Amino acid sequence: MKPCIILTAVVALTIAVSCGGSGLHEPFDSETCNALAVKIDSRQPLSQEDYAVMIAQNEDILKYIIERSREISELPDSVRPGAWHDLLADPEYLERFSYMFTLGSTLYQADIDGLLDDRNARSYAELDKYNADLAAISDRN
């Protein structure tokens, strides 16, 4: 009975991976972003899997930046400037913000140049909602 359960789990996982974008979504990973940034900076060819990972990493970065920005935007006016100052000095925030620009600009150019396959183009387009959220929060401050 156990081999049947294991086989069923493997088949289900395979179907989930093949049907759902780039497979299992990994949360933000500094090493992954650094490896992608090195590849980008050295002008190495990027695969569709590289683009899929960039999209996933960029999504997590945007979510993080939106959450942190939203928290500060909800603070009283009297403490908000200090909170922004502290955020802009936070090494974790600065690291993610830097990767957002590196990965984001590469994805933007790949999209403009038609280098993204259909799946990645759709996934990249879905990032617009996060960009709109971030812009809305920035406009309030």
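Check the entry above for the structure.
These numbers were taken from a predicted model, which means no experiment stands behind them.

A. Looking closely at the overall build of the protein chain. Secondary structure assignment for the protein chain yields seven helices and zero strands. Overall, the protein chain shows an N-to-C arrangement of helices and strands of α-α-α-α-α-α-α. Counting only residues that meet the buried cut, the protein chain has 31% of its 141 residues in that class. A separation threshold of at least 6 residues defines the contact pool for the protein chain, and within that pool the share at least 24 residues apart is 75%. When the accessible surface of the protein chain is split by element, carbon and sulfur atoms take 59% of a total near 8800 Å².

B. Just unusual backbone geometry, in detail. One non-glycine residue, Arg43, lies in positive phi territory at about 60°. Within the secondary structure layout, Arg43 lies in the loop between helix H2 (30-41) and helix H3 (48-73).

C. Geometry of the nonpolar core. By size, the foremost hydrophobic cluster in this structure holds 28 residues, and its most contacted members are Met54, Ile61, Ile65 and Leu103. Among the secondary structure elements, those contributing two or more residues to this core are H2, H3, helix H4 (80-88), helix H5 (91-112) and helix H7 (128-140). If you tally residues by element for this core, the top one is H3, at nine residues. Sequence-distant contacts of Leu103, that is, excluding residues within four places in its chain, are made with Cys33, Leu36, Ile40, Met54, Gln57 and Ile61.

D. Expanded view of H2. Between its first and last C-alpha atoms H2 spans 16 Å; for 12 residues at 1.5 Å apiece the expected length is 16 Å, and the two agree. Looking at H2, one finds that the buried residues are Cys33, Leu36, Ala37 and Ile40. Down the axis of H2, the buried side of the element spans an arc of 100°, and every buried residue falls inside it. Against H3 and H5 lie the buried residues of H2.

E. Focus on the pattern of salt bridges. According to the stated counting rule, one finds six salt bridges in the structure shown. The residue Lys63 makes a salt bridge to Glu59 at a minimum N-O spacing of 3.6 Å. Residue Lys63 and its partner Glu59 are both found in helix H3; the two are separated by four residues, about one turn of the helix. One salt bridge in this structure joins Arg80 and Asp77, with 2.7 Å as the shortest N-O distance. Take Arg80: its relative accessible area is 16%, and that puts it in the buried class. What makes Asp77 exposed here is its relative accessible area of 57%. Among the ionic contacts, a cluster of salt bridges with common partners joins Arg68, Glu71 and Asp90.

Definitions and limits used
- Residues numbered from 1 in each chain as written.
- Predicted model: local features only at pLDDT ≥ 70, side-chain atom pairs only at ≥ 80, totals over all residues.
- Heavy atoms only, no water.
- Helix = DSSP H or I, 4+ residues; strand = E, 2+ residues; numbered from the N terminus.
- Buried < 20%, exposed > 50% of the residue type's maximum accessible area, 1.4 Å probe, protein only.
- Contact = heavy atoms within 4.5 Å.
- Areas by Shrake-Rupley, 256 points an atom, 1.4 Å probe, with all protein chains shown as cover.
- Core = buried A, V, L, I, M, F, W, Y, C linked by side-chain atoms within 4.5 Å.
- Expected span 1.5 Å × (residues − 1).
- Arc of directions from axis to C-beta.
- Salt bridge = Lys/Arg side-chain N within 4 Å of Asp/Glu carboxyl O.

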